[in-house]
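Working through the structure, step by step
So the chains spell out like this:
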Amino acid sequence: MSAWSNTLGISQVNLYRKYAPKLDGNAKPTKAPANFSIPLTVYLDKDNHQLKVTSISDGDFTYYIYDEYGNVVTQDVINCSSNTIIYIDLWLCQSGVFSIVFTNDGNTYEGEFEIEY
């Protein structure tokens, strides 16, 4: 856990890689290759109502934030370069459980966070 995450109101949003079904309807393997790493680290900053996203790779990541009912609350594209820190404003998100989905180069990463007032 980094020193930044030890600050009051800061918690890590754990991302996992999602697999889409193959065309034949069978799910792809659930195990990622041994050398696979998720290119983003995400922290929820409750005090500043934002997500802090750090990327270890270059590229455009499209993100979608969904509420607990599956409705898109906000979406955008962030342009990342290695070790870039980007902040995603969460003022459109009211109290509740939200999921964030990132897509990049055919890969999808998803995590969940909760906002309470």
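Residues numbered from 1 in each chain as written. Predicted model: local features only at pLDDT ≥ 70, side-chain atom pairs only at ≥ 80, totals over all residues. Heavy atoms only, no water.

So, the side chain of Ser55
How we decide: Secondary structure elements follow DSSP: runs of H or I of four or more residues count as helices, runs of E of two or more count as strands, with numbering from the N terminus. Exposed residues in this analysis have more than 50% of their type's maximum accessible area, buried residues have under 20%, and partly exposed residues fall in between, with area computed by a 1.4 Å probe over protein chains only. Pairs of N or O atoms within 3.5 Å make up the polar contacts considered here, provided that, within protein, one atom can donate a hydrogen while the other can accept it, and that residues adjacent in sequence are counted only when both atoms are side-chain atoms. Any two residues having at least one pair of non-hydrogen atoms within 4.5 Å are treated as being in contact.
Structurally, Ser55 is set in strand β4 (residues 50–55). On the accessibility criterion, Ser55 (0% relative accessible area) is buried. Reaching out from Ser55, the side chain makes a polar contact with the backbone oxygen of Ser57 at a distance of 2.6 Å. If near-sequence neighbours (up to four positions away) are discounted, Ser55 is found in contact with Pro39, Leu40, Phe61, Cys80, Ser81, Ser82, Asn83 and Thr84.

Focus: the sheet that holds strand β9 (residues 107–115)
Note the following rule: Should DSSP find at least two bridges between two strands, the strands are regarded as paired. To obtain an axis, a line is fitted to C-alpha atoms, over the contacting stretch when the element is a helix, and the angle between two such axes runs from 0 to 180 degrees between their N-to-C directions.
With antiparallel pairing, five strands are arranged side by side in an open sheet as β2-β9-β8-β5-β6. Each of the sheet's edge strands pairs with one partner strand only, and the pair in question is β2 (16–18) and β6 (72–80). Across the sheet, the axes of successive neighbouring strands diverge by a mean angle of 30°, strand direction being ignored. Where strand β5 (residues 59–66) meets strand β8 (residues 96–104), five bridges bridge the pair, whose relative direction is antiparallel. Following the sheet pairing, Ile65 is matched in β8 by Ile100.

Thoughts on the sheet that holds β4
As summarised here, the arrangement of the four strands in space is β1-β3-β4-β7, forming an open sheet in which the pairing is antiparallel. The sheet terminates laterally at β1 (10–13) and β7 (85–89), the two strands that pair on one side only. Geometrically, the sheet is characterised by an average inter-axis angle of 25° between neighbouring strands, direction not taken into account. As paired elements, β1 and strand β3 (residues 40–45) share four bridges and run antiparallel to each other. In the sheet register, Gln12 faces β3, and the bridge partner there is Tyr43.

Section: the nonpolar core
Keep this limit in mind: For our purposes a nonpolar core is just a set of buried Ala, Val, Leu, Ile, Met, Phe, Trp, Tyr and Cys residues, chained together by side-chain atoms within 4.5 Å.
Core analysis: the biggest nonpolar cluster contains 22 residues, and Leu51, Ile65, Ile100, Phe102 and Phe113 have the highest contact counts within it. Residue assignment for this core shows that the elements contributing at least two residues are β3, β4, β5, β6, β7, β8 and β9. Setting aside anything within four residues of it in sequence, one finds Leu51 in contact with Val13, Val42, Tyr43, Leu44, Ile65, Ile86, Tyr87, Ile88, Leu90, Ile100 and Phe113.

Notes on the packing of aromatic side chains
Operational definition: Stacked, edge-to-face and tilted are the three classes for Phe, Tyr and Trp ring pairs, Trp counted by its six-membered ring, which pair at centre distances within 6.5 Å; planes under 30 degrees apart are stacked, over 60 edge-to-face, the rest tilted.
The full count for this structure, using the stated rule, is three aromatic pairs. Centre to centre, the rings of Tyr63 and Phe102 are 6.3 Å apart; their planes meet at 55°, and the pair counts as tilted. You can see Tyr63 sitting in strand β5 and its partner Phe102 sitting in strand β8, a full 39 residues away along the chain. Of the two residues, Tyr63 and Phe102, neither departs from the other in class, the shared state being buried. Relative to Phe113, the ring of Phe98 lies with its centre 5.7 Å away and its plane at 20°, an arrangement referred to as stacked. One end of the pair, Phe98, is in strand β8; the other, Phe113, is in strand β9, and 15 residues separate them in sequence. Across the pair, Phe113 and Phe98 agree in class, each one buried.

Purely geometric stuff here, so don't read any function into it on its own.
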